[in-house]
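Examining the three-dimensional arrangement
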Amino acid sequence: MRLEAITWERLGDALAERLLDLAPADGSPWPRVAFDGAPAARPGDLAARVADALRIRGRSSLTVGAGGFLRPASLRFEYGREDAEAYYGGWLDTGALWREVFGPLEATGNGRVLPDLWDPVTDRATRSDYVQLPRGGALLLHGPLLLNHWFPFDLTVHVSLSPAALRRRTPEDERWTLAAFTRYDTETAPAETADVVVRADDPRHPAWNAG
């Protein structure tokens, strides 16, 4: 892997330019992009930069956080509030994401997407309105462990941290999740399988590799 130093601004522009010509393999008019990374890597910040860069270029997009599609607390915490196995495979409501986000963006879909479903803080439905994504608009989905679910992404971006940086930048009360990310690196190898890898150990000067 050849890494190139870059600023976050230039990275957002480079990814936006790549999306302008991205044609989904299944014939969908809506490119679907993953911004994958642990919360400490802040993949949502990069997704927001790309959304801004696309807007300047006249292209619509919809930024969706996977955190708005978590399962209710009674299911997430069935085996305790700090169970790394449950966090790894049981917190995300993949069925809801398929139904409310990916399904409407299939080739025969209508582009009407629900941006979030569940508020994990209040543990209640968000009751958000559906959003109509215009044809050609891109879905920018961000969150952790996204490449582990066979979602139909047309481009995958993994924001990577070294184990030391991940531990350092993860709040102490969330470090129980680190075992899940170790397993993710072993089983899914996002730094090897993603189309674009961003090494974000230095939050000011990331390095990236675009496959």
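Residues numbered from 1 in each chain as written. Predicted model: local features only at pLDDT ≥ 70, side-chain atom pairs only at ≥ 80, totals over all residues. Heavy atoms only, no water.

Observations concerning the environment of Trp30
Put simply, the rule is: Numbered from the N terminus, helices here are DSSP runs of H or I no shorter than four residues, and strands are runs of E no shorter than two. Within 3.5 Å is the distance limit for a polar contact, defined as a pair of N or O atoms, with the added protein rule that one can donate a hydrogen and the other accept it, and that residues adjacent in sequence qualify only through two side-chain atoms.
With respect to the element layout, Trp30 can be found in the loop between α1 (8-20) and β2 (32-36). Looking at Trp30, its side chain comes within polar contact range of the main-chain oxygen of Pro134, at 3.0 Å.

What about the nonpolar core?
To be explicit about the condition: By convention a nonpolar core is built from buried Ala, Val, Leu, Ile, Met, Phe, Trp, Tyr and Cys residues, the set being connected through side-chain atoms within 4.5 Å. Burial classes: relative accessible area under 20% of the type maximum marks a residue as buried, over 50% as exposed, and values in between as partly exposed (1.4 Å probe, protein chains only). Two residues form a contact once any of their heavy atoms are found within 4.5 Å.
Residues Leu15, Phe35, Leu46, Leu140 and Val157 are the most contacted members of the largest nonpolar core, which totals 62 residues. At six residues, the largest contribution of residues to this core is made by helix α2 (residues 43-56). Setting aside residues up to four positions removed in sequence, Leu15 forms contacts with Phe35, Leu46, Val50, Val157, Val196 and Trp208.

Describing the pattern of salt bridges
Cut-off, in case you're wondering: Put simply, a salt bridge is a Lys or Arg side-chain nitrogen that is within 4 Å of an Asp or Glu carboxyl oxygen.
Taken as a whole and assessed by the stated rule, the structure comprises twelve salt bridges. One salt bridge connects Asp13 with Arg57, and the closest N-O pair in it is separated by 3.6 Å. Placement of Asp13 in helix α1 and of Arg57 in the loop between α2 and β3 (61-65) is noted, with a sequence separation of 44 residues between them. With a relative accessible area of 35%, Asp13 lands in the partly exposed category. Overall, Arg57 belongs to the partly exposed group, its relative accessible area being 30%. In this structure, Asp52 engages Arg55 in a salt bridge whose closest nitrogen and oxygen atoms are separated by 3.9 Å. Of the two residues, Asp52 and Arg55 are both situated in helix α2; the distance of three residues between them amounts to about one turn of the helix. What you see here is one network of salt bridges that share partners, running through Asp13, Glu17 and Arg57.

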